[in-house]
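Residue-level structural notes
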There are 2 protein chains.
Amino acid sequence: MTGRDGGADLAPIGNSPVVILVRPQLADNIGAVARAMGNGGLFHLRLVAPRDGWPQEKAWRNASGADRILDNLTIHDTVAEAVADLHRVVATCPRPRHIVKPLLTARGAAAELRVICARDLRAGILFGPERAGLDNDDMACADTLVRYPLNPGFMSLNLSQAVMVMAYEWWTADDVTLPRRLMTNETAVATKGELDNFLGHLVAELDACGFLRNKPKRPGMVRNIRHLFERGEVTVQELRTLHGIVTELALGRRQRGRTEKDGDAAAD
Amino acid sequence: MTGRDGGADLAPIGNSPVVILVRPQLADNIGAVARAMGNGGLFHLRLVAPRDGWPQEKAWRNASGADRILDNLTIHDTVAEAVADLHRVVATCPRPRHIVKPLLTARGAAAELRVICARDLRAGILFGPERAGLDNDDMACADTLVRYPLNPGFMSLNLSQAVMVMAYEWWTADDVTLPRRLMTNETAVATKGELDNFLGHLVAELDACGFLRNKPKRPGMVRNIRHLFERGEVTVQELRTLHGIVTELALGRRQRGRTEKDGDAAAD
């Protein structure tokens, strides 16, 4: 605790895993880790033997408001001490090792951690120091390893990025957002009937102005216009705008006293 | 191009989306973005009007070897110019806006981008400046919005973290790693028969030393021991070790001339 009083009003969300940074080197990274944890709804942070001691003002400066997470972290001398009260511990492990342990992807780990936490067990996630990663003794304190699927040609992952991926997967594992929606704000997606009503209006004006006067081609042209408007979800508001555009274009044409012949170019 | 000649041997992997940073402010972040792109197998980077000009030595220092990505990036005056040769553009959009556009999660976007790129279309992903994010004119250049599911109580995401999540999802969308494996290295998971063979050895020695001499309780005790060893996947190597442990413990006991009575405490 440092007594600082700034930052966002972060608090634990349910029973969530503890993030344990083992021998972290850079205070900047510790701050960035706190920020990433906040993004993904994690709160509990433990540091094992931070290289430059603790607290470090730079961490708070780099946490972008995740102060509460830093205010509440605890310091430990050894990994064994940091995990002593936990029931399950997963260790991030970027490089293959000669260890016999279950190996999960980040997504697989997030799903398991959700189950573990839902059972009211306490879980932790170990992250190694910036350069070397966790050593074999550190990993012996974990029951499970986690390796992210990433470009094998460039696996050098920043510490806070590693925490970000895990925090993101933790949040996403419990998220029900549809993978695709249409942002419609104060309007709504139009029904097929509302779309058909607009297409009727458009075709009537295209008949009136002569755009569709080629009788053999007319059914195909009408169908192609329909295909364009059917392709995406159109909103009620957009249909109102389209009705207005058609009305105004037709009116302008009529007011300028144009004849059907002027429609020729557009009909090609 | 800066003529630098360091870093990892990164190159484009297939047809992958272009990352477009709109008015980025900090060279450190641009370097961190390049590193995150390398992690996720992205290569093409474009900068629109970087605040402090370009090139910036700090970006290369912060890229941790993703130099090739910085060496090959291009600079553009406007978003419209940066996306002119692309067929599809998605824009990251952390905050709700009054825009009618399809809205995807990061995972949904990655899946769609994989399909777009497999069709040999050129795709791009817009990321806004550090503080303000993309403005409404920027977003009008995109066909689709992307919003990550993250803690709504703390959405302030570092620029390179935002790119990391998208790059990670891009890589993961084409990844077939099983969510759970057992790292076994030079050994293999034992079959049920091999496990049964060990349990037979163990039970025989437990009979011999008297641990199982309570006849009514014996079947349940044997079953409980089996449950423990059946719970996780045991390797062939671990079974060899367990056989050795049982043999040595039994031998030591016999050599010390102990009687069956010494088994009492452990049998409770």
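Residues numbered from 1 in each chain as written. Chains lettered and ligands numbered in written order. Predicted model: local features only at pLDDT ≥ 70, side-chain atom pairs only at ≥ 80, totals over all residues. Heavy atoms only, no water.

1. Side note on the relation of the copies chain B and chain A
- Here chain B sits on chain A after a turn of 180 degrees about the axis and a move of 0.0 Å along it, with an RMSD of 0.1 Å. Overall, the copies show the geometry of a two-fold rotation axis.
- A share of 98% of interface residues in chain B that are also interface residues in chain A marks the association as one of identical surfaces. (Least-squares fit on C-alpha atoms with pLDDT ≥ 70 in both. Contact = heavy atoms within 4.5 Å.)

2. Notes on the UniProt feature "domain: tRNA/rRNA methyltransferase SpoU type" (unreviewed entry) in chain A
- According to UniProt, the positions carrying the feature "domain: tRNA/rRNA methyltransferase SpoU type" (unreviewed entry) are residues 18–168 of chain A.
- Structurally, residues 18–168 of chain A comprises 36% helix and 19% strand, and the distance from its first C-alpha atom to its last is 15 Å. (UniProt positions renumbered as here; feature names shortened; annotations may be inferred. Helix = DSSP H or I, 4+ residues; strand = E, 2+ residues; numbered from the N terminus.)

3. Considerations on the interface of chain B and chain A
- Of the residues lining the interface, 62 residues belong to chain B; the matching set on chain A comes to 61 residues.
- Between chain B and chain A, roughly 5,000 Å² of surface is buried when both sides are summed, and carbon and sulfur atoms account for 56% of that area.
- On the chain B side of the interface with chain A, the three residues burying the most area are B:Phe154, B:Tyr168 and B:Met183, jointly 16% of the side's total.
- Summed over the shared surface of chain B and chain A, the result is four salt bridges.
- A salt bridge links A:Arg180 to B:Glu112; the shortest N-O distance between them is 2.7 Å.
- One can count 22 residue pairs in polar contact (both at pLDDT 80 or more) joining chain B with chain A.
- Residue assignment for the side of chain B that touches chain A shows that the elements contributing at least two residues are helix H1 (27–39), strand E5 (102–104), helix H5 (106–118), helix H7 (159–172) and strand E8 (180–183) of chain B.
- The element best represented in the side of chain B that touches chain A is H7(B), accounting for eight residues.
- Among the residues making up the side of chain B that touches chain A, the classes are represented as 28 nonpolar, 21 polar and 13 charged. (Buried area = accessible area lost by both parts, 1.4 Å probe. Salt bridge = Lys/Arg side-chain N within 4 Å of Asp/Glu carboxyl O. Polar contact = N/O pair within 3.5 Å; in protein donor to acceptor, adjacent residues only side chain to side chain. Nonpolar A, V, L, I, M, F, W, Y, C, P; charged D, E, K, R; others polar.)

4. A word on unusual backbone geometry
- Put simply, A:Trp54 and A:Pro55 share a cis peptide bond, and its omega is 5 degrees.
- Along the polypeptide, A:Pro55 turns up in the loop between strand E2 (45–48) and helix H2 (57–61).
- Its identity is not glycine, yet B:Asp120 carries a phi of approximately 65 degrees, on the positive side.
- One can find B:Asp120 in the loop between H5 and strand E6 (123–127).

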